[in-house]
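Close look at the chain arrangement
Listed below, chain by chain, are the residues.
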Amino acid sequence: MDTPPIAIPPLLIRNILTSLFIHADKSLLNLSEKYKPLQLLHCLLVSAFLFLLRLLPFVFPSLNPSDPQAFDYPLKPPKLNNYASATAAAGGGGDSGIARAMSQLLSIVNDIPVSSRKYEVVRSLAERLIDENLSEGSEALREVNCSVLSAAFSRALSQLQAAVVDRDRTGGDVAEGSGEGGQREYRKVGRVLRAVRYYGDAALTRFRKAREEPGRWGGSAEKLAAEVLWLAQKMAACGCAEEAVGKWASASHLAWLALSAEPRLQGSLVKVSAFLFKQARDLGRAEEEDEDEVKKEQQRQTKMKMLMSWLPLLCRASSGTDEPVLNMRQRSELERVLEETIEMLEREEEQENVLSLWLHHFTHCPSSDWPNLHACYARWCNASRKLLLLQ
């Protein structure tokens, strides 16, 4: 019901073409099972048709009603950043001028490429405002920092996941299959599909660049990961690291994609995870006796999600030989942080789940011997044995 009338004819054309192609494809599919040369022709036609469907939304913007820019008029001014309203809803003086200024600066930091000569200027100005607010010693200004940084962290994290998804979609190889799909003729088809996909993605990239604003996607994944780390460090300095830990712990899909990312991006994500693992360990330590049981349970769940989501990346990520992501001291320190965090989980089954996950990824990655949690695993085994004997 929300689809504008102008979008109906192109959508109808697309649906009719799809129905006709599926009907015609059935007969070709039956023939291709009998004649091997037709298998290649069948795959080429399917790839070309799928490429056409992906191209239609860029030729006819009305085919993509979910795109907020699809119906913008050419002379319509760009929308102002909505960080001011977001910080106002978050409270803590979000409707103040200093909050709006910080939101705008952090938004620009996300959007412009790091190669721009203005990038360091804008980032330094944002950092100066954050530090000056802290130096005032005002609780209201600290809350402004927390609300604005939390919104910026969410935005950067969302952009990071979108960049990793886009890189995974355009950079991954087409699987050559298993069983019957792994036969020689299917490998040839796989190479053809890779070529079609490569040129299709290149064409789509040109269309995107022609239609989108510069920097809409916030730059490369490595740049966004570095900004996420920077924002997390600023949030920790302002006393709101728990929000950053909770958001990072909930990014399970990003953690899963990171397992197959290229080593350079994995290294950037390891740095973020290492910093936030330390913050997760310290949750509830400062006021351990004064906190209520509900908050303690929330913090325990956050630590559990953090371990289950990002511990596999620490095992699988490339350690690097020329320029290691973490030095020996940092690795040893992070191992202690992981052990302490695991042992803070009061339930035995939760410790078992985390250590079982670690053992699986640790043993299936022969190129890395880190993180070494053997001592923690042995202590859990001894505790589990004693618990059984007491029953």
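What counts as what
- Just so you know, the residues in each chain are numbered from 1, in the order the chain's sequence is written.
- Note on the predicted model: pLDDT of at least 70 is required for a residue's local features to be given, and 80 or more for side-chain atom pairs to be given and counted; whole-chain, interface and lining totals, by contrast, use all residues.
- Side-chain measures were taken over the full set of non-hydrogen atoms in the model, leaving aside hydrogen atoms and water.
- In this description a helix means any DSSP run of H or I spanning at least four residues, a strand means any run of E spanning at least two, and both kinds are numbered starting from the N terminus.
- Note on definitions: a residue-residue contact is assigned when non-hydrogen atoms from the two residues lie within 4.5 Å.
- Disulfides are defined in this document as cysteine sulfur pairs within 2.5 Å.
- Relative accessible area decides the class of each residue, using a 1.4 Å probe on protein chains only: under 20% of the type maximum gives buried, over 50% gives exposed, and in between gives partly exposed.
- Each Phe, Tyr or Trp ring, with Trp reduced to its six-membered ring, pairs with another whose centre is within 6.5 Å; inter-plane angles below 30 degrees give stacked pairs, above 60 give edge-to-face pairs, and intermediate values give tilted ones.
- Throughout, nonpolar core names a set of buried Ala, Val, Leu, Ile, Met, Phe, Trp, Tyr and Cys residues whose side chains join them through atoms within 4.5 Å.
- For the domain bounds, the source is a domain assignment made automatically or taken from a database.

Description of the environment of V245
Secondary-structure assignment places V245 in helix α9 (residues 241–250). Between the C-alpha atoms of V245 and F277, which are 32 residues apart in sequence, the distance is 7.8 Å. Look past the residues within four positions of V245 in its chain and what remains in contact with it is L276, Q279, A280, L283, T302 and M306.

Re the state of the cysteines
Throughout the structure, instances matching the rule amount to zero disulfides. There is no disulfide at C146, and the cysteine sulfur nearest it, in C240, is 3.1 Å away. A residue is classified by how much of its surface remains accessible, and C146, at 7% relative accessible area, is buried. Counting only cysteine sulfurs, C381 is the nearest neighbor of C376, a cysteine outside any disulfide, at a range of 9.8 Å.

A look at the packing of aromatic side chains
With the rule as written, the count across this model stands at four aromatic pairs. Taken together, a centroid distance of 4.3 Å and an interplanar angle of 10 degrees make the contact between W248 and W310 stacked. Of this pair, W248 sits in helix α9 while W310 sits in helix α12 (residues 293–316), placing them 62 residues apart in sequence. Grouping residues by exposure puts W248 and W310 together as buried.

A closer look at the nonpolar core
By size, the foremost hydrophobic cluster in this structure holds 76 residues, and its most contacted members are L160, W248, L276, F277, M306, W310 and L334. If one sorts the elements of this core by residue count, helix α6 (residues 139–171) sits on top with 11 residues. A domain split of this core shows at least three residues from each of domain 2 (95–158) and domain 3 (339–390). Setting aside anything within four residues of it in sequence, one finds L276 in contact with A232, A244, V245, W248 and M306.

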